[in-house]
Number of protein chains: 2
Amino acid sequence: MALGIDPGVSRCGYGVVVRRGGELVAREAGTLRTQAGDDLGVRLSALAEALAALITRHRPGVVVVERVLFRRNARTAMSVGQASGVALVAAARAGIPVVEVSPSEVKLAVTGDGAAGKDRVQAMVTRLLRLPSPPSADAADALALACCHLWRAAPVPVAEPGDGLARAVAAALAREAR
Amino acid sequence: MALGIDPGVSRCGYGVVVRRGGELVAREAGTLRTQAGDDLGVRLSALAEALAALITRHRPGVVVVERVLFRRNARTAMSVGQASGVALVAAARAGIPVVEVSPSEVKLAVTGDGAAGKDRVQAMVTRLLRLPSPPSADAADALALACCHLWRAAPVPVAEPGDGLARAVAAALAREAR
């Protein structure tokens, strides 16, 4: 089971994904929010507690956090890094290993395009996990992180050439087309 | 009393400065280090514990953390943000308010030049706090953060025009020249 975290102070996406047979299933996903008017330390501390509670509830085998490279938005960069640090400590304190994945790796894994927009990630996560309705953009990013790691860790077995992910994507698209 | 923190995962500078009469005095300063080979979560968790211990030992009235804007070094940016988040949570959990200060504000406060290099900050901190020998660059940055905040919060009283900081800098330079 993997807990994906799309770090942020105002909005932090999370998604818990478990492998069942050859398929991935979402257990829980959502967005943790903190109060804009509060002291930054208090907001990060509230986030730390919410993440620790999530980890205690699900006991994931791994926590997958988005690694942001900060070329694009220097203004939000610091708070994304701060939220990420808090998430990594919450995982370490529970004895859970952490994996950092870059946004382009996630987009590539889930949509087949490393430069895909948030809406495509959202749409593909909804299909791949057969969700009844699309999750919020933050929750979708977090679910995509978890899926990306679980596919890498043990690809879905395939009889033909091509990786498990490509097959899973194709199968999801085929279901969609029916 | 202010605890300045120059956040970083490999090396995190800290400096405790207290106001005594019209002067600032360094209580303790140094660099916290984490093991390069360890899991990032474990490193950040170790940093969190070391910072919590520092806070418990000194009970500062404020924690002053460097706010980095990430225009220059995108590679180290994420880990600086992560360490900063950990420091902010350590402060908040101890009920201590947090102030973020930008590098240019600190440099301006301590050297009179917002674009000063690390060596000048180091030299001026050594003079202003009358240290027997220059602290490491990380510790000097942290001490400078604490000084910058304490000067802002309550400038050293002056009889003549000019702010307390300018006077303190002038006095330090005069001492140096003797």
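Conventions adopted
- Residues numbered from 1 in each chain as written.
- Chains lettered and ligands numbered in written order.
- Predicted model: local features only at pLDDT ≥ 70, side-chain atom pairs only at ≥ 80, totals over all residues.
- Helix = DSSP H or I, 4+ residues; strand = E, 2+ residues; numbered from the N terminus.
- Buried ≥ 20, exposed ≤ 12 C-beta atoms within 10 Å, placed from the backbone.
- Axes fitted to C-alpha atoms, helices over the stretch in contact; angles between N-to-C directions.
- Parallel < 35°, antiparallel > 145°, perpendicular 65-115°, else oblique.
- Left-handed = near helix turned anticlockwise from the far one by under 90°.
- Contact = placed C-beta atoms within 7 Å.
- Pairing = 2+ DSSP bridges.
- Nonpolar A, V, L, I, M, F, W, Y, C, P; charged D, E, K, R; others polar.
- Least-squares fit on C-alpha atoms with pLDDT ≥ 70 in both.

K.L.:
Could you clarify how one ought to interpret the environment of Arg59(B) in this entry?
P.N.:
Residues and elements named next belong to chain B. Looking at the secondary structure, you find Arg-59 in the loop between α1 (40-58) and β4 (62-66). By C-beta crowding, Arg-59 is classed as exposed, having 12 other C-beta atoms within 10 Å. With 35 residues separating them along the chain, Arg-59 and Leu-24 place their C-alpha atoms 17 Å apart.

K.L.:
Looking at this structure, how should I read the packing of helix α3 (residues 103-111) of chain A against helix α4 (residues 118-128) of chain A?
P.N.:
Angle between the axes and distance between the axes: these two values describe a pair of packed helices. Residues and elements named next belong to chain A. Closest axis-to-axis distance for the α3/α4 pair is 9 Å, and the angle between their directions is 50°. What the angle tells us is that α3 and α4 run oblique. Between α3 and α4 lies a crossing of left-handed hand. Contacts between α3 and α4 pair Lys-107, Val-110 and Thr-111 from the former with Arg-120, Val-121, Met-124, Val-125 and Leu-128 from the latter.

K.L.:
Before we go on, may I ask you to explain the pairing of strand β1 (residues 2-6) of chain B in this structure?
P.N.:
Across a regular strand the side chains alternate sides, sitting on one face of the sheet and then on the other. Residue and element names in this part refer to chain B. By the criterion of burial, β1 is predominantly enclosed, with five of the five residues buried. Side chains of β1 alternate between two faces, with Ala-2, Gly-4 and Asp-6 and Leu-3 and Ile-5 buried alike. Linking two consecutive strands that pair antiparallel, namely β1 and strand β2 (residues 11-20), is a turn of four residues. Direction of pairing for β1 relative to β4: parallel, over a ladder of four bridges. Opposite Gly-4, over in β4, you have Val-64 as the bridge partner.

K.L.:
Explanation requested: the interface of chain A and chain B in the structure shown.
P.N.:
How big an interface is tends to be stated in terms of the accessible area lost upon association of its parts. Tallying the contact residues gives 29 residues for chain A and 29 residues for chain B. At the level of elements, α1 (40-58) and α2 (74-93) of chain A are the ones that each hand at least two residues to the side of chain A that touches chain B. No other element matches the 15 residues that α2(A) contributes to the side of chain A that touches chain B. Of the residues belonging to the side of chain A that touches chain B, the class tally is 19 nonpolar, six polar and four charged.

K.L.:
Would you take a moment to explain the relation of the copies chain A and chain B for this structure?
P.N.:
Here the two chain copies are tied together by a rotation about an axis and a shift along that axis. Least-squares fitting of chain A to chain B yields an RMSD of 0.0 Å, with the superposition described by an axial translation of 0.0 Å and a rotation of 180°. In the structure described here, the two chain copies are related by an operation that fits a two-fold rotation axis. Of all interface residues in chain A, 100% are interface residues in chain B too; the two copies therefore contact each other through one and the same surface.

K.L.:
I'm lost on unusual backbone geometry in this one. Help?
P.N.:
One can expect most non-glycine residues to show negative phi and most peptide bonds to be in trans. The backbone of Arg130(A) sits at a positive phi, close to 50°, despite the residue not being glycine. You can see Arg130(A) is positioned in the loop between α4 and α5 (137-153). By C-beta crowding, Arg130(A) is classed as partly exposed, having 13 other C-beta atoms within 10 Å. Unlike most non-glycine residues, Arg59(B) shows phi in positive territory, near 45°.

Just geometry here; none of it tells us what the structure is for.
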